[in-house]
Every structure is written in C-alpha cells, then in structure tokens.
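Per-entry structural report
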Amino acid sequence: MTPSRFPLLLLAAACALAPSLAGAAPQPVAKNIIFFLGDGMGPTTITAARIDRYKEEGLLHFERMPHSARIKTYSNDAQTTDSAPSMGAYMTGIKINNDVISMADAKPFAPRKDANGNASIDACPAGNGRAAATILELAKAAGKSVGSITTTELTHATPASTFSHVCERDMAYQIAAQVVPGGAGFNPALKDGVDVLMGGGRNHFTPFDPARNRLGRADGRDLMAELAAQGYTVAANADQMQAAPGGKKFVGIYSDVSHLDYALARRAGQPPLAQMTAKAIDLLAPNPKGFFLMVEGGKIDHALHDTNIKNALAETVDFDDAIKTALDKMEALDPGLRNTLLVVTADHDHTIVMNGYAKRGNPILDLVRNVDDGAPARDADGKTFTTLVFGNGPNRPHQRLDVDSATALGDAYHQETGVRLKGETHGGGDVKLFATGAGAGVFKGTMENTKVFHLMKAAFGF
C-alpha cells in the first residue's frame, strides 16, 4: 500500500462507520435541566443585589457558576421586549411578537371583557399564527417529568410560555384551561399534564364570585377540582405543599387573587421560592428518564416597574436562594452534576442605573456619599441623590428636593426617574446568562435568546 493512499482509506472507513454530520442526531449530555428565569433581572440589578447582600467583593450564588454569556433580548417586532416573547424565545427557539405566548407568526389581540367585567373572551382570529413547541412539551413527549413554578400568577407570561399557546398574554382564563387534562381547551401537547405547577392567581382557576373582588371564571368551571379529579394533589399553602405525597402530579396555588407577596412582606402560608423549588425537585427527580423544571423569580420585575429597588433586590436574593437550594439538592442526587444542566438568566432588563461616585462600602440603596469625606454628594442644583435611579417612571418631581438617608433606605421609597412616564418600562439591553453542570460549556459569548432553546434541546438529545 502506498503512503499516499493510506489517509484516503482511513477517511473512507470513517465515513462508512459514522453518520453524516448533517444527519447525525445530537447526543444527549443532560438527563435533567433546571431553567431559572429572573424576570427583569438585568446586569445592574444583579450588581446592586450582590453589593446589598455580600458587599462589592462578594458574589451571588449563581454568579459562581463557571460558564456565562450575554443574551440579546429584542423580540420579533420590538427593540425592547416584554416578558412574553422573551420567555417564548427561550422556550421555543423562535422570535415572537410582543405580548404573544409561544406562538409563531401571531399578532396580539387583547381578550374582551365578559359580563362580570373580566377579560376572559378570546378575541384571537382564526389562522392567527401557530403553536410553537416548547422545551417543556418536548421533554414531556420524551417521557420526562416536567414542572413550572413561579412567584407570579401561574398564568403570567413567563410560566404560561412553558405550557400554553395564546395570541395575547392577558388571556389568563384560557391559559389556565390549557393545563387541565381532559378539559375543554386542554393543550394536548402536554400529554397527561404538567407534573408540577406552582404560583398564584387562583381566581383564574375557580368560578366567578361577586364577593371576591368580582374575579373568577365566567364559565363556572372549577379547574382546581378538575385537576384533583385528574389525580393531582392540590395545595393552597406551604403546609399542604410540604405534605404532598410523591408519585402524584401536584398543583399549588398560594394566592386567592393575583401574584404571591413580595419576600419582605410574605404572609403566613405562602412558601418562599426556595421551598417551592425543593419540593418541585423532590416530586420530579424520581423519574428515571429525568425532568425539566422552570423556576421564575417573577416579582423582581414587579418591584422594578414600581421603581422600588429595595423590593427588587430582596426578590433577587430570594431567587438566588432558590438557585442555591437547587444546586445543593441536585449535587446530592447527582454528584458533580454529571447528568444535570442548570441555566440562570433573565428575560429582559429595566431602566435602573447605578450612578455617581459613591465610596466603597456605601449602602447601595443610600445616597451617594463622597469617597474623600463620606459627605452626601450634590447634583448641579446642590441637591442630594441616590446611587440607584431609573431612566424613566413616575417619580420625577418638577423641582428636586434633598433626599435623606432614612427616606432612601425605607421600605416604601420609590427611586427618582429621568423621563417622566406613568410607569417604568423595560430596558432593551443585553442580559446575563450563567450555567453549570452537564453540557454547560456551550453557553458563552454573545448570543440570541433563541439559541438558548436550541442548546438546551441539544443537551437533551432532542
């Protein structure tokens, strides 16, 4: 055999033994994926929460993950996204229009009000877009257990984007019906149903009650009872959640109306996100085929829209505590995370900025204090100002007055804003992503939010 022919024979043999690169199925590297979404948790919010909890030199738990990336967040039709298409991009791998829940080529049509004054009448025209398969649905089809948990209403944009397909994010009553196996409006891609569901907003699942702030389903359905009839354990508080047995599907809705409370004002009976995460893992992990779990820290976004940074930072730390809980539990179940991928990111930024030249160690919620003498810094008009402010929002006085530390550090303080709007908007900047465990090394550089779906899908081998 001549030397020149030997490499050609090796190449021919390799081609005969291996499938073509174009046709090869991706090889699974993860049996389990936990996807954490800090709603509105942009880079400045992370920095401020880190300083508030661990000082400048510290790190949040998720910041210790070894792999990271920058994520572009624009939606199909807007430079600045809302939560629906940004979460939909992570879950489906496609760019979606603002306000649309996991549907391709759909335009939003807000639901009409029913006789009780609730927006429950579907206004989406026929042929308006198509459902796009989510990573949760793909995992369910592969025999994995699946879960979606949040500190917002269970029908809110982020959790809804994992298991629902509607043309407008405010269609909460239709979204609720999509998770009830066998019921009218059920999403058949969920097979026998989502295995674990937790959040708030029980009014979307229960009949209209005029004594309960005129909220509830106009169709009279009690979806909680329907879920129980389908074999779900139903919980209304933390104690019932903790007592829930394994081997059954589970739904926990911990607020009669609207979202769960802020961490700083959590009422008795509402579990913190860390407890919800731990219970979800306990319920999902026994499946030998693995699981997919989405965990949302949704109240970060609410506090930022409210221009109340104290609540936003407390919610970020609460979210970080849930991530630490998941890391600890999965390390015990899967040492070295050889079969588990954890991804932490945000859907979008906000207009929060960190400004001035405050001395190191200055409380992040306080006034800017000078490095040299610790005295409050002054603006061009001689007024004090805080380190954290917003680019827009309602708190823009016509004439600025001095801000004092007691006010700035108070629970109810709303930071000042630049542009005066009725409500603070999202920001359009990139967000951060952190990853650890099986297959985490592919998350790097600057990438489209849609690519995160494809990387998770490949990690599962789909």
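Throughout, residues of each chain are indexed from 1 in the direction in which the sequence is written. Given that this is a predicted model, residues contribute local features only at a pLDDT of at least 70 and side-chain atom pairs are listed and counted only at 80 or more, while totals for whole chains, interfaces and linings are drawn from all residues. No hydrogens and no water enter the side-chain calculation; it runs on all heavy atoms of the structure.

The chain is annotated in an unreviewed UniProt entry as Alkaline phosphatase from Massilia genomosp. 1. Under Sequence similarities (unreviewed entry), UniProt gives the following word-for-word description of the chain: "Belongs to the alkaline phosphatase family." UniProt positions are given in the numbering used here, feature names are shortened, and annotations may be inferred rather than shown by experiment.

1. With respect to the overall build of the chain
Each helix is a run of H or I in the DSSP string that is no shorter than four residues. Each strand is a run of E no shorter than two, and both are numbered from the N terminus. Counting secondary structure elements, the chain contains 13 helices and 19 strands. We take the radius of gyration over the C-alpha atoms and set the globule estimate at 2.2 Å times the residue count to the 0.38 power. Since a compact globule built from 462 residues should have a radius of gyration of about 23 Å, the 24 Å found for the chain is in line with a globular shape. By principal-axis analysis of the C-alpha atoms, the chain measures approximately 85 × 70 × 45 Å. Among the 462 residues that make up the chain, the fraction classed as buried is 54%. For the chain, the share of sequence-separated contacts (at least 6 apart) that also reach a separation of at least 24 residues comes to 71%. Here the Shrake-Rupley method, with its probe set to 1.4 Å, supplies the accessible areas, and only the displayed protein chains count as covering residues. Of the roughly 19,000 Å² that the chain leaves accessible, carbon and sulfur atoms contribute 54%. In this tally Asp and Glu are treated as negative and Lys and Arg as positive; neither His nor the chain ends contributes. Lys charges are placed at NZ, Arg charges at CZ, Asp charges at CG and Glu charges at CD. Counting 46 positive and 49 negative side-chain charges, the chain places the centres of these two groups 5 Å from one another. Using a 1.4 Å probe on the protein chains alone, a residue whose accessible area is under 20% of its type maximum counts as buried, one over 50% counts as exposed, and one in between counts as partly exposed. The contact rule is simple, with two residues in contact once any of their heavy atoms fall within 4.5 Å.

2. Brief notes about the layout of surface pockets
Its volume calculated, the largest pocket comes out at about 230 Å³. For each structure, a 1 Å grid was placed over the protein atoms alone; sets of points admitting a 1.4 Å probe that cannot get out are labelled cavities, open sets with protein on both sides within 12 Å along at least five of seven lines are labelled pockets, and lining residues have an atom within 4 Å of a point. Lining the largest pocket are 15 residues, with Glu153, Thr155, Asp170, Ala172 and His204 positioned closest to its centre. Put simply, Ala, Val, Leu, Ile, Met, Phe, Trp, Tyr, Cys and Pro go in the nonpolar bin, Asp, Glu, Lys and Arg in the charged bin, and everything else, Gly too, in the polar bin. Looking at the lining of the largest pocket residue by residue, the class counts come to 6 nonpolar, 6 polar and 3 charged. Grid points are joined across faces, edges and corners, and a volume is the space filled by probe spheres set on the points.

3. Focus: the confidence of the model for the chain
Per residue, pLDDT captures the predictor's confidence, and it can take any value from 0 to 100. On average, the chain scores 94 in pLDDT, and the residues at 70 or more come to 95%. Here residues 1-22 is modelled with pLDDT under 50, and outside its nearest four sequence neighbours on either side it reaches 3 contacts, counting other chains as well.

4. Observations regarding unusual backbone geometry
Even without glycine at this site, Ser258 takes up a positive phi of about 70°. The topology assignment puts Ser258 in the loop between β10 (249-253) and α9 (273-284). Owing to a relative accessible area of 27%, Ser258 belongs among the partly exposed residues under this scheme. For Thr307, which is not glycine, the phi dihedral falls at a positive 50°.

5. Remarks on the pattern of salt bridges
The salt bridge criterion pairs a side-chain nitrogen of Lys or Arg with a carboxyl oxygen of Asp or Glu, the two atoms within 4 Å. For the structure shown, the criterion picks out 23 salt bridges. Of the charged contacts, one joins Asp256 and Arg202 as a salt bridge, the two residues approaching to 2.1 Å between their closest N and O atoms. Here Asp256 is found in the loop between β10 and α9, whereas its partner Arg202 is found in the loop between β8 (196-200) and α7 (223-229), with 54 residues between them in sequence. Taken together, the salt bridges that share partners define one network made up of Lys140, Asp192, Asp195 and Lys249.

6. Structural notes on helix α2 (residues 43-54)
Between its first and last C-alpha, α2 extends 16 Å over 12 residues, near the 16 Å set by a 1.5 Å rise per residue. Listed in full, the buried residues belonging to α2 are Thr45, Ile46, Ala48, Ala49, Arg50 and Ile51. Where the residues of α2 are buried, they touch α10 (299-305), α11 (309-333), β14 (352-354), β15 (388-393) and β18 (431-437). Looking one or two places after α2, you find Lys55, whose phi comes out positive at around 70°. Any helix carries an expected span of 1.5 Å times its number of residues minus one.

7. A few points about empty space enclosed by the protein
By the definition in use, this model includes 1 cavity of 30 Å³ or more. Counted as a void, the largest cavity has a volume near 50 Å³. If you trace the largest cavity, you find it lined by Thr151, Leu260, Asp261, Ala263, Arg266, Gln270, Pro271, Pro272, Leu273, Lys299, Glu315 and Asp318.

8. Considerations on the nonpolar core
Counting 110 residues, the largest nonpolar core has Ile34, Phe35 and Phe292 as its most contacted members. Top element by residues in this core is α11. It accounts for 9 residues. Those residues in contact with Phe35, other than ones at most four positions away along the chain, are Met87, Tyr90, Met91, Phe292, Leu293, Met294, Val295, Val343, Thr345, Val452 and Met456. For this analysis, a nonpolar core means a set of buried residues of the types Ala, Val, Leu, Ile, Met, Phe, Trp, Tyr and Cys, connected via side-chain atoms within 4.5 Å.

9. So, the packing of α9 against α11
Contact geometry for α9 and α11: axes closest at 8 Å, N-to-C directions at 25°. Relative to α11, α9 is oriented roughly parallel. By crossing handedness, the relation of α9 to α11 is classed as right-handed. Contacts from Leu273, Ala274, Thr277, Ala278, Ile281 and Asp282 of α9 reach α11 at Asp318, Phe319, Asp321, Ala322, Thr325, Ala326, Lys329, Met330 and Leu333. Considering only residue class, the contact of α9 with α11 consists of 9 nonpolar, 2 polar and 4 charged. Working convention: axes come from line fits to C-alpha atoms, limited for helices to the stretch in contact. Angles between N-to-C directions cover 0 to 180 degrees. In these notes the angle categories are as follows: under 35 degrees is roughly parallel, over 145 is roughly antiparallel, 65 to 115 is roughly perpendicular, and the rest is oblique. Whether a crossing is left-handed or right-handed is set by the direction in which the near helix is turned from the far one by less than a right angle, anticlockwise for left-handed and clockwise for right-handed.

10. Points about the sheet that holds strand β9 (residues 232-235)
Where strands meet in a sheet, backbone hydrogen bonds hold them as pairs that are either parallel or antiparallel. At least two DSSP bridges between two strands are needed for those strands to be called paired. Taken together, 10 strands build an open sheet; the order of strands is β9-β10-β8-β7-β11-β1-β12-β18-β2-β19 and the sheet is mixed. Strand pairing shows two members of the sheet lacking a second neighbour, β9 and β19 (446-448), which therefore form its edges. Strand-to-strand twist of the sheet, defined as the mean angle between neighbouring strand axes without regard to direction, takes the value 15°. Those strands touched by helix α3 (residues 83-92) are β1 (32-38), β2 (67-72), β11 (291-297), β12 (340-346) and β18, and its axis lies near 165° from that of β1. Along the sheet, α11 makes contact with β1, β11, β12 and β18, crossing β1 at roughly 170°.

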